[in-house]
Amino acid sequence: MRHLTILILSILTIQFSHSQINELGVFVGGSNFIGDVGATDYIAPDSPALGIMYKWNRSKRHSWRISLIYSDLEASDNQSEDPRRIQRDYSFDSNLLEISAGMEFTFVDFNLHAGRKIATPYLYTGLSVAKHDNHYFLNGLQTSENTSSWAYGIPMALGFKSNFLGNFILGIEVGARYTFSDEIDGSIPDDVNRQQYRFGNINNNDWYVFSGITLTYTFGENPCYCIN
């Protein structure tokens, strides 16, 4: 029985290793923040964002995906159309490093071994966690708390991709992140002893958006898709 179990596991392992195709690449674009400081435009990249990503194409319609993206996230009240924010004139600059993992769904079959050019819109969602600097505002100025926190969130991205050149896949993507935190912009200090410096709408959490292009390289065996 033990030898039979080992044989079955070996066969499954071999089959699994030949049923995947991988993508490894980069994300290049910009970021913008939506919260209690700065403009409230949903897509308005004003800070550079760079990252790496890996995908495992589970079928012609969906892929598991993980990414690591860094951005020097910024926001400024003088970019807002709200006269109250313009008069307040707050601004912040925070280092943000995000890890995101989830699933990507294509609108049409994206069979990389069809031997022809393919293009499709896609959706991506999953979970994200972003490490950011903590700060608060004292006399209108950003004041560092010399600590950092993790903001958990849900990424929601819409993109379009095509295997434009051999094994290279080029994509355009806009992805909003809804976080379960209201600390990224400093409207709620991380230190409980500084809660008197809170401001803004405490019922609305922070958002940030990554907009840019992705370029990945595919490698691995021809997939034996189990979902058509």
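For the structure, check the block above.
Reference entry: report on the structure contained in this document. (Residues numbered from 1 in each chain as written. Predicted model: local features only at pLDDT ≥ 70, side-chain atom pairs only at ≥ 80, totals over all residues. Heavy atoms only, no water.)

This paragraph deals with the overall build of the protein. Secondary structure summary: the protein contains two helices and eight strands in total. Written out in order from the N terminus, the α and β elements of the protein read α-β-β-β-α-β-β-β-β-β. Here the protein holds 228 residues, and 44% of them are scored as buried. Long-range pairs, those at least 24 residues apart, make up 68% of the contacts in the protein with a sequence separation of at least 6. Counting only carbon and sulfur atoms, one obtains 61% of the accessible surface of the protein, whose full area is about 12200 Å². (Helix = DSSP H or I, 4+ residues; strand = E, 2+ residues; numbered from the N terminus. Buried < 20%, exposed > 50% of the residue type's maximum accessible area, 1.4 Å probe, protein only. Contact = heavy atoms within 4.5 Å. Areas by Shrake-Rupley, 256 points an atom, 1.4 Å probe, with all protein chains shown as cover.)

We now examine the sheet that holds strand β7 (residues 168-179). One closed barrel accounts for eight strands, arranged β1-β2-β3-β4-β5-β6-β7-β8; its pairing is antiparallel. Strand-to-strand, the axes of this sheet are offset by a mean angle of 20°, without reference to chain direction. (Pairing = 2+ DSSP bridges. Axes fitted to C-alpha atoms, helices over the stretch in contact; angles between N-to-C directions.)

This brings us to the pattern of salt bridges. Inspection of every chain in the model, using the stated rule, returns 10 salt bridges. The salt bridge partner of K55 is E104, with a shortest N-O separation of 3.0 Å. On the criterion of sequence distance, the pair formed by K55 in strand β2 (residues 47-57) and E104 in strand β4 (residues 91-106) is long-range, its members being 49 residues apart. Each member of the pair K55 and E104 is classed as buried. A salt bridge links E173 to R65, with the nearest nitrogen and oxygen atoms 2.8 Å apart. In this pair, E173 is assigned in strand β7 and R65 in strand β3 (residues 62-76), connecting sequence segments 108 residues apart. Across the pair, R65 and E173 agree in class, each one buried. Bridged by salt links that share partners, the residues K55, R65, E104, K161 and E173 form one connected network. (Salt bridge = Lys/Arg side-chain N within 4 Å of Asp/Glu carboxyl O.)

Quick look at the nonpolar core now. Of all hydrophobic cores here, the largest spans 18 residues; its most connected members are V37, Y208 and F210. At the level of elements, β1 (22-34), β2, β3, β4, β5 (119-138) and β8 (207-219) are the ones that each hand at least two residues to this core. Counting residues in hydrophobic clusters, the runner-up holds five residues, among them I21, F110, L112 and I118. (Core = buried A, V, L, I, M, F, W, Y, C linked by side-chain atoms within 4.5 Å.)

Turning next to the pairing of β5. With 11 bridges connecting them, β4 and β5 associate as antiparallel partners. Each residue of the ladder has a partner; that of G102, found in β5, is G126. In this sheet, strand β6 (residues 141-165) lies alongside β5 in antiparallel orientation, the contact comprising 17 bridges. The residue bridging A130 from the neighbouring strand is A151, located in β6. Here β5 folds back onto β6, and the loop between the two strands holds two residues, one of which, N139, carries a positive phi near 55°.

Our next topic: empty space enclosed by the protein. In the structure shown here, the tally under the stated rule is one cavity of 30 Å³ or more. Around the largest cavity, the lining residues are N57, S59, K60, R61, H62, S63, T106, F110 and K161. By residue class, the composition of the lining of the largest cavity is one nonpolar, five polar and three charged. (1 Å grid on protein atoms, 1.4 Å probe; cavity = no way out; pocket = protein on both sides within 12 Å on 5 of 7 lines; lining within 4 Å. Points joined across faces, edges and corners; volume = space filled by probe spheres on them. Nonpolar A, V, L, I, M, F, W, Y, C, P; charged D, E, K, R; others polar.)

Looking now at the pairing of β4. Pairing analysis gives 15 bridges linking β3 to β4, with the strands arranged antiparallel. Paired with D72 across the bridge in β4 is N95.

Nothing here speaks to function; it is all geometry.
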